[in-house]
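An overview of the molecular structure
Below are the chains, spelled out letter by letter.
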Amino acid sequence: MKPIWVVDDDQSIRFVLEKALAREQFQVRSFGNPRDVLAALDDDEPQVLVSDIRMPGGSGLDLLAKVKQRLPGLPVIVMTAYSDLDSAVSAFQGGAFEYLPKPFDVTKAVELIRRAVEESLREQVQGERMAQMPEMLGQAPAMQDVFRAIGRLSQSNVTVLITGESGSGKELVARALHKHSPRGNGPFVAINTAAIPKDLLESELFGHERGAFTGAQSMRRGRFEQADGGTLFLDEIGDMPFDLQTRLLRVLSDGQFYRVGGHQPLKSNVRVIAATHQHLEQRVKDGVFREDLFHRLNVIRLRLPPLRERREDVPALARFFLSKSARELGVEPKRITDAALQRLAAFDFPGNVRQLENICHWLTVMAPAQVIEPKDLPPEFMGGAPPGYDAPVPVAAPATGMPQPEAPSLPFAEAAPASLAAAPLDADWLRDLERQARGMLEAGSPEVWDTLTRQFEGRLIHTALELTRGRRIEAAHKLGIGRNTITRKIQDLGLDD
């Protein structure tokens, strides 16, 4: 374990903490000013940093900000006088783990430092586990064929067409093909051609010049330019408008294109990977997809199997998604019984891997205990799903940072404020949530997941902060999430404003 660093211009305080921590078998390194700490960070780093606020030659708050830039996950304990509470508030806003008021009780100080060490070690282990997690999971023969194909294509720039049902993981395969290709250090740019209105899709792909159309007040680079030197992933290519297919074919044929309203040809240095859930041969027969474009895209075809064809992968995928959901929420991962896994594996999953991931998000929030039993699974696994109920509403996921539509008005404040998994839930708000989700889905809203998730997480954190009068550490404890998680969520959700 790395040493504890203590920073204080008062030698007596450094001495007391050094002796107390040494008795507890902690290694300690002491500094008299922030400058020496920043210099030492070039060669070493601490497990925990304990720093005074007011010191000659630099502020502890400035040191906190600089250290957090270099080591965002490092727990920092700030020492401050009782009369300096404004500084304590600033410390929390800067991401401090906790503050230690002076004069302090040595036993309590050591206990606080011990808690910070445990938190640091826990996050370190979680980070190592994340680094070890594979890009894709699958022991089924059909998935092993996909993995072998990715390996064979690893040194190729050939165009690839990925086919498979919605939610089967086509973009994951595209990202793996990009990562392991000679273009792996270049950009990976994805665009769903079915999700963008026809009038805007041409500009999205090829960019436009200033004044090319009403509202084009400046030049804009398209996805082909953004992906220069890398890979462009065209998802749902089967839904591309017919007239745009001609322009795409021209780019694939001679590597040149024009921005909308432009007269200067631009050279494209892009590898194209396309994907579709459509039967393209039938689309060609129906006259809605160009046969020459089909042959240009269909150089190498990879078929991604639906989840019902790889049921043996469901247990490993479920455990992976439960662990992933727990990390995102900052809670302890839930375990799942073999009986519950058998029930999952027997399900057909019309939404494929994406639906299984949503279910695992739902279970992480809604299952009442740490061990998931068959009775904890959503209604569709009990044979009692209401009409039109296809999958559990995904109520917990990381925000994407994309622009959000206006948040719906939902009664989230009625939910249990401290632990959703430990308290009985009023079904009314869940029905309201399902109604709102259904309305947004039927209306074709493109950001249903992000909108409802941000609303849910924002209301939970806001309520917890109200109860704790703004004390983030205490709010995180009540919510059952980590201090770094609540700090990141507050920034992502704009709750600082």
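Residues numbered from 1 in each chain as written. Predicted model: local features only at pLDDT ≥ 70, side-chain atom pairs only at ≥ 80, totals over all residues. Heavy atoms only, no water.

With respect to the overall build of the protein
Secondary structure summary: the protein contains 19 helices and 16 strands in total. Counting across all 497 residues of the protein, residues that qualify as buried make up 47%. The contacts in the protein between residues at least 6 apart in sequence include a share of 70% that link residues at least 24 apart. Surface exposure of the protein reaches about 24700 Å², of which carbon and sulfur atoms provide 50%. (Helix = DSSP H or I, 4+ residues; strand = E, 2+ residues; numbered from the N terminus. Buried < 20%, exposed > 50% of the residue type's maximum accessible area, 1.4 Å probe, protein only. Contact = heavy atoms within 4.5 Å. Areas by Shrake-Rupley, 256 points an atom, 1.4 Å probe, with all protein chains shown as cover.)

A look at the pattern of salt bridges
Tallied over the full model, the rule gives 23 salt bridges. Ionic pairing is found between glutamate 24 and arginine 114, a salt bridge with its closest N-O pair at 2.6 Å. Note that glutamate 24 is positioned in the loop between helix H1 (11–23) and strand S2 (28–31) and arginine 114 in helix H5 (residues 106–132), a separation of 90 residues in sequence. The partner of aspartate 376 in a salt bridge is lysine 375, with the nearest N and O atoms 3.4 Å apart. Classification of aspartate 376 by relative accessible area gives buried; the value is 8%. For lysine 375, a relative accessible area of 64% translates into the label exposed. Bridged by salt links that share partners, the residues Asp8, Asp52 and Lys102 form one connected network. (Salt bridge = Lys/Arg side-chain N within 4 Å of Asp/Glu carboxyl O.)

Looking at helix H7 (residues 170–179)
Within H7, burial applies to Lys170, Val173, Ala174, Ala176, Leu177 and His178. Tucked inside the fold, the buried residues of H7 contact helix H6 (141–152), strand S8 (160–163), strand S9 (188–192), strand S10 (231–235), strand S13 (271–276) and strand S14 (300–303).

Observations regarding unusual backbone geometry
Of the consecutive residues lysine 102 and proline 103, the connecting peptide bond is found in the cis state with omega at -5°. Within the secondary structure, proline 103 is located in the loop between strand S7 (98–102) and H5. The backbone phi angle of phenylalanine 349 is positive, close to 50°, even though this residue is not glycine. Inspection of the secondary structure puts phenylalanine 349 in the loop between helix H14 (338–345) and helix H15 (352–366). On the accessibility criterion, phenylalanine 349 (0% relative accessible area) is buried. Residues other than glycine seldom take positive phi values, yet asparagine 352 does so here, at roughly 60°. As for its placement among the helices and strands, asparagine 352 is situated in helix H15.

Quick word on the nonpolar core
One recurring pattern in soluble globular proteins is that nonpolar side chains are buried together. Membership of the largest hydrophobic core comes to 44 residues, with the highest contact counts inside it found for Leu344, Phe349, Leu356 and Ile486. At the level of elements, helix H13 (314–329), H14, H15, helix H16 (427–442), helix H17 (448–467), helix H18 (472–479) and helix H19 (483–493) are the ones that each hand at least two residues to this core. In terms of nonpolar packing, the next biggest core, distinct from the first, is built from 29 residues, Leu252, Leu280, Leu293 and Leu297 among them. (Core = buried A, V, L, I, M, F, W, Y, C linked by side-chain atoms within 4.5 Å.)

Looking at the confidence of the model for the protein
For the protein, the average pLDDT comes to 80, and 84% of its residues sit at 70 or higher. Long-range and interchain partners of residues 129–133, a stretch whose pLDDT sits below 50, account for four contacts in this model, where long-range means more than four residues apart. (pLDDT = per-residue confidence, 0-100.)

Quick word on the sheet that holds S7
Pairing within the open sheet is parallel, and its five strands lie in the order S2-S1-S3-S6-S7. The open sheet has two edge strands with one neighbour each: S2 and S7. Taken over all neighbouring pairs, the strand axes of this sheet differ in orientation by 20° on average, direction set aside. Across the sheet, H1 is in contact with strand S1 (4–7), S2, strand S3 (48–52), strand S6 (76–81) and S7; its angle to S2 comes to roughly 175°. (Pairing = 2+ DSSP bridges. Axes fitted to C-alpha atoms, helices over the stretch in contact; angles between N-to-C directions.)

Quick look at the sheet that holds S14
As summarised here, the arrangement of the five strands in space is S9-S10-S13-S8-S14, forming an open sheet in which the pairing is parallel. Each having just a single partner strand, S9 and S14 make up the two edges of the open sheet. The mean inter-strand angle of the sheet, taken between neighbouring strand axes irrespective of direction, is 20°. As paired elements, S8 and S13 share four bridges and run parallel to each other. Residue pairing for S13: threonine 163 is matched across the bridge by threonine 276.

Description of the packing of H17 against H18
Relative orientation of the contacting elements H17 and H18 amounts to 120°, with a least axis distance of 9 Å. Judged by the inter-axis angle, H17 sits oblique to H18. Crossing geometry of H17 relative to H18 is assigned as right-handed. Contact with H17, carried on its side by Leu460, Ile461, Ala464 and Leu465, involves Arg472, Ala475 and Leu479 of H18 and no other residues of that element. Considered class by class, the residues forming the contact of H17 with H18 number six nonpolar, no polar and one charged. (Parallel < 35°, antiparallel > 145°, perpendicular 65-115°, else oblique. Left-handed = near helix turned anticlockwise from the far one by under 90°. Nonpolar A, V, L, I, M, F, W, Y, C, P; charged D, E, K, R; others polar.)

Re the environment of arginine 220
Positionally, arginine 220 belongs in the loop between helix H8 (198–206) and helix H9 (223–226). Polar side-chain contacts of arginine 220 include one of 3.4 Å to the side chain of glutamate 204. (Polar contact = N/O pair within 3.5 Å; in protein donor to acceptor, adjacent residues only side chain to side chain.)

Thoughts on the pairing of S1
The alternating pattern of S1 places Ile4 and Val6 and Trp5 and Val7 on opposite faces, both of which are buried. Alignment of S1 against S2, held across four bridges, turns out to be parallel. Among the inter-strand pairings, valine 6 is bridged to a residue of S2, identified as serine 30. The β-α-β motif built from S1, the intervening H1 and the parallel element S2 has right-handed crossover chirality. (Right-handed = clockwise from strand over helix to strand, strands pointing away.)

Some thoughts on the packing of aromatic side chains
Summed over all chains, the structure comprises nine aromatic pairs. Judged by centre distance (4.5 Å) and plane angle (45°), the rings of phenylalanine 347 and phenylalanine 381 are tilted. With a gap of 34 residues between them, phenylalanine 347 in the loop between H14 and H15 and phenylalanine 381 in the loop between strand S16 (371–372) and H16 connect regions that are remote in the sequence. Residue class for phenylalanine 347 comes out buried when judged on its relative accessible area of 18%. Among the aromatic residues, ring-to-ring pairing joins Phe206, Phe224 and Phe257 into one connected group. Taking the ring centre of phenylalanine 206 as reference, the NZ or CZ of arginine 247 above it sits at 4.1 Å. (Phe/Tyr/Trp six-rings, centres within 6.5 Å; stacked < 30°, edge-to-face > 60°. Lys NZ or Arg CZ within 6 Å of the ring centre and 35° of its normal.)

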